[in-house]
Amino acid sequence: MVRYDFSQIEKKWQKKWDEEKVFKVEADSEKEKYYCLEMFPYPSGKLHMGHVRNYSIGDVIARFKTMNGYNVLHPIGWDAFGLPAENAAIKHNIHPDIWTRENIAEMIRQLKELGISYDWDREVTTCLPDYYKWTQWIFVQFFNNGLAYKKKSPVNWCPSCETVLANEQVVNEKCERCDTIVVKKNLEQWYFKITDYAEKLLDDMKKLEGWPEKVKTMQANWIGKSFGAEMKFEVEGIDKVLDIFTTRPDTTFGVTFMVLAPEHPLVSELVQGTEYEETVEKFINKLGRMTEIERTASNVEKEGIFIGKYAINPLNDKKIPIYIANYVLMDYGTGAVMAVPAHDERDFEFAKKYDIDIIPVIKPSDLEKVEELELPYTEPGVMANSGEFNGLKNTECANKINELIEEKGYGKKTINYRLRDWLISRQRYWGTPIPVVYCDKCGVVAVPEEDLPVTLPTDVVFSGQGESPLTTSESFKNAPCPKCGAMAKRETDTMDTFVDSSWYFLRYTDARNESKVFDKEKASYWMDVDQYIGGVEHAILHLLYARFFTKVLHDIGLSPVDEPFKNLLTQGMVLKDGAKMSKSKGNVVSPEEIISKYGADTARLFILFAAPPERDLEWSDTGVEGSYRFLNRVWRLVCELEEYISLGYGTIDINGKEDKELNFVLNNTIKKVTEDISGRFNFNTAISAIMQLVNETYKYKEIDREKINRPLITKTLETILVLLSPFAPHMTEELWSMLGNEESVHAEKWPNYDSKAIVKDEVEIVIQINGKVRDKSLVSKGMSKDELEKTALDNDRIKSFIEGKNIVKVICVPGKLVNIVVK
């Protein structure tokens, strides 16, 4: 028997698939398309087990759909811009481009080792000019349509390095490079106006029937739609107004102080030149070292300071002090909050700490005196201390108060969203340059399409000091104005890498187009993505941004769809010893080690068999060994029965009990594997069913060799290989070839089951004595209760148990059991 030499087999077929471009695909109007896509990776240089799981899931789906007659698009690429490459440039004195390309080459080798069925002719790499030219082109479309703009906003700033830091570069409130305390600083930054699409993004979630409810809920909460009112509170003594948004206009009479976010642009103006200026500045710097999560956590003590100014409540003309506090953020609402301590727990805690008035304006209907309230009251009730509204239900007053403030010009009813515009500016080198120049005469000018791409220069210094490395390149910074030709200054910020990944799925539909971002006709054939696969950690930002981009491109006539992903699968993590694999925990399992020891097919099979894809998977060395043993069993089975193979068999005659049983398991397995893969991807139970068919085939081959039904055993072995091929593509390809087939197993049509063959003439019943199972027996399917009783009592094993005992009664459940009650 030929040994299962996985190493040679896998190399052989990988080489053949690659050379013959077996998985290359083109649009074909005669065939129904299927677009299967896993989230493309950052080229870190090494695949981890999470990658193996992600890509193996996608590969099974792609291969299965191909065998079911679909024209399958299954592409791959590289989300190749990002901070790690820039850090490597500083640390190792190597250009990010070199570091990135070397990593990509290594990861391509690893992906091909796994036997993933990618169309490599569609590979995209976001850091190459042929890709980021079109990212820049899309930016220009956003700019021309009023969806890209620049404004001041706070960033993490390291005073020592004199540079902006990404959130990832701030560790324990300090710069990861020099350990200096990080502060907040206002800088001019570029934004995308995603808030213009808040309602569409929310409303169109009803189209996402193939998405997990958990992900849709996370996105809805992130968008955060709320109904309320915008109100204006004048600042006493100066011509300034505080705009606030509230969902509780019914509590306006109970406002006793105002709270501004420390980053609010009015704060510095209100304290400038006053005795409060220095204290306020120190407090703002202190809060600047805290993250938003730290500031707003429920267990964090509420802190604030009075800034020396008062606002006027528009409904009762009362003067109320203005504070700044840690628990109010600029990123939600207007950055200014009307505080009602009697009816809000955070405001109550703050008012108690700083001895601020607490005025209840809603009380329970059965409470005589409103002053009896000792804690903030947050339930519905009756209005109090609210002028003309006293005695009315507060639920009825919200609209009445909205009407009053509109009538008096103090505000209006409105809808607010938690979603903020997308800050895309990054003060880094290794990203897509923002295609804008600043001209003294013409102002902000977008670079025209014929001048794209604006390429990254090579004459930069990676020092880790100061601003973006792009500012060190004179050849980059200075450029002629596209409008007037005068010398101008280029934008030296680059784009957030989420921009690159917000449209790559569209580029795959026409990846080699040099004259267009993509051809709409080709995109119309392939889009939308039928199945998108990735980690749940991308549930909000990446998926939300991709939806936003698709809607914008649809609205300007480019994208044929307004939602990019029809179905979404968020696979679980790969754990070891109960924890996520990480170098720091010392629990990392290298895919290369597993492939070297057991082969890629074993790695794939285990990772798909160990748990349903949406659940976390616990790594098991014994599980890997079990998967390897199973593949060897399949190999031996085919080799041992090779002499009985009868290619080109016609009708299969089913003769005798053994044939019937094998034929039943065969067809039942086809049915189960088909349903498990095409449903919610229950790969683990599909593999289990194939294992049962292999066991049944081993059992069948032990009968008298003269009785082996050659057409039936041929069909069974072929079916095992076809069903197993999406999971273990290399070994099945080799065995398929060994059986004498000239075409690839992956080009085979997926088998159909015979519905008649899975209806059994016989059923297995259990025979119990006093409720304990003592034997099992095969009986005719329609056997009556009397016949069942006789069969049980005639059973020799049962006779030995009831001998000498009195039979009280016999309970028969046809098709299931017989229970003999004895004394």
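Up top is the structure these notes are about.
Here's a quick rundown of the structure. As the structure is a computational prediction, the values presented were derived from the model and not from experiment.

## A word on the overall build of the chain
The helix and strand tally for the chain stands at 26 helices and 34 strands. For the chain, the spread of C-alpha atoms along the three principal axes comes to 105 × 75 × 50 Å. For the chain, buried positions account for 53% of its 823 residues. Of the contacts made within the chain by residues no fewer than 6 positions apart, 72% connect residues no fewer than 24 positions apart. Counting only carbon and sulfur atoms, one obtains 47% of the accessible surface of the chain, whose full area is about 37900 Å². Here the chain contributes 107 positive and 129 negative side-chain charges, whose respective centroids are spaced 3 Å apart.

## Notes on the nonpolar core
With 179 residues, the main nonpolar core has Phe-192, Phe-505, Phe-548, Leu-724 and Phe-727 as its most contacted residues. With 10 residues, helix 22 (residues 683–701) is the single largest residue contributor to this core. Look past the residues within four positions of Phe-192 in its chain and what remains in contact with it is Phe-139, Phe-142, Leu-147, Ala-148, Asp-421, Trp-422, Ile-424, Val-499, Phe-548 and Phe-549. In terms of nonpolar packing, the next biggest core, distinct from the first, is built from 37 residues, Met-258, Leu-266, Tyr-377 and Leu-404 among them.

## Quick notes on the environment of Ile-61
Relative to the helices and strands, Ile-61 is located in helix 2 (residues 49–67). Here Ile-61 falls in the buried class, since its relative accessible area comes to 1%. Residues Ile-61 and Arg-420, spaced 359 residues apart in sequence, show a C-alpha to C-alpha distance of 36 Å. In contact with Ile-61, not counting residues within four places along its chain, are Tyr-34, Cys-36, Gln-531, Ile-533, Phe-681 and Phe-683.

## Quick look at the packing of aromatic side chains
Counted under the stated rule, the structure contains 49 aromatic pairs. Taken together, a centroid distance of 5.4 Å and an interplanar angle of 90 degrees make the contact between Tyr-323 and Phe-350 edge-to-face. A residue pair is termed long-range when its members are at least 10 positions apart, and Tyr-323 in strand 14 (residues 319–325) and Phe-350 in helix 11 (residues 345–353) qualify at 27 residues. One exposure class covers both Tyr-323 and Phe-350, and it is buried. Within the aromatic cluster, the residues linked to one another by ring pairs are Phe-139, Phe-142, Phe-143, Trp-190, Phe-192, Tyr-197, Trp-422, Phe-498, Tyr-545, Phe-548 and Phe-549. Its end group placed over the ring of Tyr-698, Arg-633 keeps NZ or CZ at 4.2 Å from the ring centre.

## Here we look at unusual backbone geometry
Between Leu-452 and the following residue, Pro-453, the backbone shows a cis peptide bond with an omega angle of 5 degrees. With respect to the helices, strands and loops of the structure, Pro-453 is situated in the loop between strand 22 (443–446) and helix 13 (474–477). Put simply, Met-527 and Asp-528 share a cis peptide bond, and its omega is 5 degrees. When you line up the elements, Asp-528 lands in the loop between helix 16 (520–526) and strand 26 (531–535). The backbone phi angle of Asn-93 is positive, close to 55 degrees, even though this residue is not glycine. Topologically, Asn-93 is positioned in the loop between helix 3 (83–92) and helix 4 (96–114).

## Points about the side chain of Lys-551
Mapped onto the elements of the fold, Lys-551 is located in helix 17 (residues 541–555). Only 2.9 Å separates the side chain of Lys-551 from the side chain of Glu-563, close enough to count as a polar contact. Aside from chain neighbours lying at most four places away, what touches Lys-551 is Tyr-197, Lys-200, Leu-201, Asp-204, Asp-562 and Glu-563.

## What about the packing of helix 20 (residues 621–641) against helix 24 (residues 729–738)?
Close contact between helix 20 and helix 24 brings their axes to 11 Å; oriented N to C, the two are set at 5 degrees. As judged from the angle between their axes, helix 20 and helix 24 are roughly parallel. Here helix 20 contributes Leu-631, Val-634, Trp-635, Val-638 and Cys-639 to the contact with helix 24, which in turn contributes Met-731, Glu-734, Leu-735 and Met-738. Across the contact of helix 20 with helix 24, the residue classes tally to 8 nonpolar, no polar and 1 charged.

## A few points about the sheet that holds strand 1 (residues 33–38)
Strand order in the open sheet formed by 4 strands is 2-1-26-27, and the pairing between neighbours is parallel. Across the chains shown, the open sheet's two edge strands, defined by having one partner strand only, are strand 2 (71–73) and strand 27 (568–571). Within this sheet the neighbouring strands show an average axis-to-axis angle of 20 degrees, counted without direction. As judged from the 4 bridges shared by strand 26 and strand 27, these two strands associate in the parallel manner. If you follow Gly-534 over to strand 27, its bridge partner there is Thr-570.

## Details of the pairing of strand 14
Most of strand 14 sits inside the fold, with 6 of its 7 residues counted as buried. Taken together, the 3 bridges between strand 12 (residues 257–260) and strand 14 define a ladder with parallel strand orientation. Each residue of the ladder has a partner; that of Val-259, found in strand 14, is Tyr-323. Here strand 13 (residues 304–312) folds back onto strand 14, and the loop between the two strands holds 6 residues, one of which, Asp-317, carries a positive phi near 60 degrees.

## What to know about helix 21 (residues 656–678)
Residue pairs three or four apart in sequence face the same way in an α-helix, which turns once every 3.6 residues. The end-to-end C-alpha separation of helix 21 is 33 Å, in line with the 33 Å expected for 23 residues at 1.5 Å each. Buried within helix 21 are the following residues: Asp-659, Leu-662, Asn-663, Phe-664, Val-665, Leu-666, Asn-667, Thr-669, Ile-670, Val-673, Asp-676 and Ile-677. Each element contacted by the buried residues of helix 21 is listed here: helix 2, helix 22 and helix 23 (710–724).

## Details of the packing of helix 19 (residues 600–609) against helix 20
Contact geometry of helix 19 with helix 20 gives a least axis separation of 9 Å together with a crossing angle of 120 degrees. With respect to each other, helix 19 and helix 20 are oriented oblique. Classified by chirality, the crossing of helix 20 by helix 19 is right-handed. Residue-level contacts link Asp-601, Thr-602, Leu-605 and Phe-606 of helix 19 to Gly-623, Val-624, Ser-627, Tyr-628, Phe-630 and Leu-631 of helix 20.

## What to know about the sheet that holds strand 29 (residues 579–580)
Here we have 3 strands laid out as an open sheet, ordered 29-28-30, and mixed in their pairing. Each edge of the open sheet carries a strand with a single partner, namely strand 29 and strand 30 (617–618). With 2 bridges joining them, strand 28 (residues 574–576) and strand 30 adopt parallel strand pairing. Paired with Leu-575 across the strands is Glu-618, a residue of strand 30.

## Digging into the side chain of Gln-531
Looking at where Gln-531 falls in the secondary structure, it is placed in strand 26. Relative accessible area serves as the criterion here: at 2%, Gln-531 is assigned to the buried category. Beyond its immediate sequence surroundings of up to four residues, Gln-531 is in contact with Tyr-34, Tyr-35, Cys-36, Leu-37, Ile-61, Asn-567, Leu-568, Leu-569 and Phe-681.

Definitions and cut-offs
Residues numbered from 1 in each chain as written. Predicted model: local features only at pLDDT ≥ 70, side-chain atom pairs only at ≥ 80, totals over all residues. Heavy atoms only, no water. Helix = DSSP H or I, 4+ residues; strand = E, 2+ residues; numbered from the N terminus. Buried < 20%, exposed > 50% of the residue type's maximum accessible area, 1.4 Å probe, protein only. Contact = heavy atoms within 4.5 Å. Areas by Shrake-Rupley, 256 points an atom, 1.4 Å probe, with all protein chains shown as cover. Lys, Arg positive; Asp, Glu negative; His and termini not counted. Charge placed at Lys NZ, Arg CZ, Asp CG, Glu CD. Core = buried A, V, L, I, M, F, W, Y, C linked by side-chain atoms within 4.5 Å. Phe/Tyr/Trp six-rings, centres within 6.5 Å; stacked < 30°, edge-to-face > 60°. Lys NZ or Arg CZ within 6 Å of the ring centre and 35° of its normal. Polar contact = N/O pair within 3.5 Å; in protein donor to acceptor, adjacent residues only side chain to side chain. Axes fitted to C-alpha atoms, helices over the stretch in contact; angles between N-to-C directions. Parallel < 35°, antiparallel > 145°, perpendicular 65-115°, else oblique. Nonpolar A, V, L, I, M, F, W, Y, C, P; charged D, E, K, R; others polar. Pairing = 2+ DSSP bridges. Expected span 1.5 Å × (residues − 1). Left-handed = near helix turned anticlockwise from the far one by under 90°.

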